[in-house]
2 protein chains.
Amino acid sequence: MAGGIGSRFWPLSTPEYPKQFIDILGCGRTLIQLTVDRFQGICPMENFWVVTNASYVDIVRQQLPGIPANHILAEPAARNTAPCIAWACWCIKAESPDANIVVTPADAIVMNPEEFRRVINNALEFTAESNAIVTIGIKPSRPETGYGYIKSTGRKAQGEIEHVDAFKEKPNLETAKEYLADGNYLWNAGIFVWNANTITSAIKTYKPTLAEQMDKMKTYLDVQTIFPNCEKISIDYAVMEPAAAASKVFTHPADFGWSDLGNWASLHDKLSHDEQNNGAVGNIHMYECSNCVVHAEDAKKVVLQGLDGYIVSEKGGQILVCHRSEEQRIKEFSQK
Amino acid sequence: MAGGIGSRFWPLSTPEYPKQFIDILGCGRTLIQLTVDRFQGICPMENFWVVTNASYVDIVRQQLPGIPANHILAEPAARNTAPCIAWACWCIKAESPDANIVVTPADAIVMNPEEFRRVINNALEFTAESNAIVTIGIKPSRPETGYGYIKSTGRKAQGEIEHVDAFKEKPNLETAKEYLADGNYLWNAGIFVWNANTITSAIKTYKPTLAEQMDKMKTYLDVQTIFPNCEKISIDYAVMEPAAAASKVFTHPADFGWSDLGNWASLHDKLSHDEQNNGAVGNIHMYECSNCVVHAEDAKKVVLQGLDGYIVSEKGGQILVCHRSEEQRIKEFSQK
């Protein structure tokens, strides 16, 4: 899934070139490239599928030349994750009816890819032999209010995989603290594992209209006319919640250094820091600066003096200097 | 004179493209273009001469296409103002032996060009009929320690033009305050008026070696071999001081809104300000910013939040954010 527009990282991420296509960590690979790299040994390039907005297809081809051109699915309109996942899974099933599938966002990071592969392999082994819907549940390290949670029963199904009790929407801080203390609540990273029959059957059961629409999407013209009319709904609402209520969902608790890189604060967390707690990507020269997060990989040279706790970013001729306490206003700044 | 490298305005001004060639005021004209514009009605385009570093000749041609190509003198090396002025005046005299000449830096600004023209015309009338060396003396508005001073006798020679007593180097603050209180001290703006015979004779008298070198500079090859060997000396030391000692120098006190735009503080003074005392050139959007000076005419969009008293500039992919109190370190920043 590579359809996001990443507006919170303006000007680094823009609707024309959003964050999944940016080398946001300054490591030489973009987030979508890192996402593909992470599956080395699990999934050969010819088995990858990318669902993205039509305007990003060229970027995907350029950044991931190994993916077959007909595996890049161009959404004519953004309809949230349920139609996106349904379309990909219908296509995969048509090509390979017994496929075992991992669904992942293209814009998250994983600091421990080896552990990621171990967890994914466990889940794939389970779904290869069952009609289970498996979600990867990230063990929470803080009472985060920005994520949805998976409530595990704690009851083991196979190996580390547990039966899920329910999905929970983003909590307030008090509730998030209770979740953290409870120990059975996990972050929902939007990473799902299932086989092609399981997910197509589940969509037929819980969202029959969506399934009918998918059945009809055969040609390019079908996509243009049908996809934009699909209900705009997340896979969590459409499938995971009703399936969990019917006790058909499992989770693999995991701890592989996952972050959704949802804001500048989380990027600052993931960058290496100098002695003054600055994290910087690019040719950045700082004097009397502290606690800054700087990203300007295209700029020839950036000199910063006397800044404490600022976000500084340049991309494509657009420049932002903003105190970190005000980062929730960046989307508004970018649109004015 | 357009040979400066303007290192204090990095990254706006660089050795590759220094400040005289920049639209530093955001008015649509560069400083050298504004300098030429200022002489409208006084000097036709075919009578302009520009002395600049060889590496800036193409920029001069591009920005001032009306100036004859052979009037752009390419210095093979920077030798301060005496050789620069001598070369131009020797060339002018060869082309037009009775020429009446104004010498001016190309990187200063004048807020009242009409008054400038009145003053220059007064001076030109005087030098058309005498062998006077006339300097334009700017009436000081503050005890500035960054300029040299002209000490007038206060004794009138013709109209507003007065006999000069002496030239004074940049004073310390105490001395500058005395100069301001005295009333007979004027800022030396580096603007000189004289006829071709006067200046060439004066150089022969006070710097005979330089005059001999100029006499020998006939071909391109002469320039390459002779000019770099000229003594590196200012016109003030070489001619004005000894000529003043011999009572041959005059000054026209003037008040036409002159500034040498020597630093970011003086640029901030000259820009129009918003209600928070910010001066900005470019597509600049400021939130909770005050007392800033911002110049980023090439950037598509700049968003600044929560900055008080900062310099922010972008040019050619180089970015600076620096507190105004630290601007004397900018040259050092640019070189590291």
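Residues numbered from 1 in each chain as written. Chains lettered and ligands numbered in written order. Predicted model: local features only at pLDDT ≥ 70, side-chain atom pairs only at ≥ 80, totals over all residues. Heavy atoms only, no water.

What about the side chain of S234 of chain B?
Residues and elements named next belong to chain B. Worth spelling out the cut-off: Put simply, DSSP marks the helices as runs of H or I at least four residues long and the strands as runs of E at least two long, and each gets a number from the N terminus on. A simple rule labels every residue: compare its accessible area, found with a 1.4 Å probe on the protein chains alone, to the largest value its type can have, and call it buried under 20%, exposed over 50%, or partly exposed in between. Contact definition: two residues touch when any of their heavy atoms are within 4.5 Å.
Position of S234 relative to the elements: it lies in the loop between α8 (220-226) and α9 (235-245). Among the residues examined, S234 registers a relative accessible area of 12% and is labelled buried. Setting aside anything within four residues of it in sequence, one finds S234 in contact with N80, T81 and A82.

A few points about the interface of chain B and chain A
Basically, it comes down to this: Summed over both partners, buried area is the accessible surface (1.4 Å probe) that two parts give up on being assembled. The working definition used for a salt bridge is a side-chain nitrogen of Lys or Arg within 4 Å of a carboxyl oxygen of Asp or Glu. Polar contact is the term for a pair of N or O atoms within 3.5 Å; when the atoms are in protein, one must be able to donate a hydrogen and the other to accept it, and sequence-neighboring residues count only if both atoms are side-chain atoms. Each residue receives one of three labels: charged for Asp, Glu, Lys and Arg, nonpolar for Ala, Val, Leu, Ile, Met, Phe, Trp, Tyr, Cys and Pro, and polar for the others, Gly being one of them. One bridge is not enough; two strands pair if DSSP finds at least two bridges between them.
The interface of chain B with chain A comprises 29 residues on the first partner and 29 residues on the second. Across the interface of chain B and chain A, roughly 2500 Å² is buried in total on both sides, 53% from carbon and sulfur atoms. On the chain B side of the contact with chain A, K301, Q305 and I319 of chain B bury the most area, a combined 27% of that side's loss. For the interface between chain B and chain A, the tally reads two salt bridges. Put simply, E288 of chain B and R329 of chain A hold a salt bridge, and the shortest N to O gap is 2.9 Å. Connecting chain B to chain A are 26 residue pairs in polar contact (both at pLDDT 80 or more). Elements supplying a minimum of two residues to the side of chain B that touches chain A: β12 (284-287), β14 (301-305), β15 (310-315), β16 (318-323) and α11 (330-335) of chain B. Examining the composition of the side of chain B that touches chain A, we find that six residues originate from one element, β16 of chain B, more than from any other. Along the lines of polarity and charge, the residues of the side of chain B that touches chain A split into 13 nonpolar, nine polar and seven charged. As paired elements, strand β16 (residues 318-323) of chain A and β14 of chain B share four bridges and run parallel to each other. When the sheet's bridge partners are listed, I319 of chain A is paired in β14 of chain B with V302 of chain B.

Regarding the confidence of the model for chain A
Definition in use: A residue's pLDDT is simply how confident the predictor is in it, with values from 0 to 100.
Taken as a whole, chain A shows an average pLDDT of 96; of its residues, 100% reach a score of 70 or greater. Interface predicted TM-score (ipTM) for the complex: 0.84; the corresponding pTM is 0.85.

Some words on the relation of the copies chain B and chain A
How we decide: Least-squares fitting of one copy onto the other uses the C-alpha atoms of those residues that reach a pLDDT of at least 70 in both copies.
Here chain B sits on chain A after a turn of 180 degrees about the axis and a move of 0.0 Å along it, with an RMSD of 0.1 Å. Such a combination of rotation and displacement between the chain copies is what one expects of a two-fold axis. Closest approach to the rotation axis within chain B is made by the C-alpha atom of G317 of chain B, at a distance of 4.0 Å.

Regarding the pattern of salt bridges
Under the counting rule described, the total for this entry stands at 26 salt bridges over all chains. Each of the salt bridges in this network shares a partner with another, and the network as a whole consists of E115, R118 and E160 of chain A.

Thoughts on the sheet that holds β12 of chain B
Where we set the bar: Angles shown run from 0 to 180 degrees and are taken between the N-to-C directions of axes, each axis being a line fitted to C-alpha atoms and, for helices, limited to the stretch in contact.
The six strands lie next to each other as β11(A)-β13(A)-β15(A)-β16(A)-β14(B)-β12(B), forming an open sheet whose pairing is mixed. Each edge of the sheet is formed by a strand with only one pairing partner; in this case those strands are β11 (279-282) of chain A together with β12 of chain B. On average, adjacent strands in this sheet sit at an angle of 5 degrees to one another, irrespective of strand direction. Judged from the six bridges that link them, strand β15 (residues 310-315) of chain A and β16 of chain A form a sheet pairing that is antiparallel. Its bridge partner being in β16 of chain A, Y310 of chain A is matched across the sheet by H323 of chain A.

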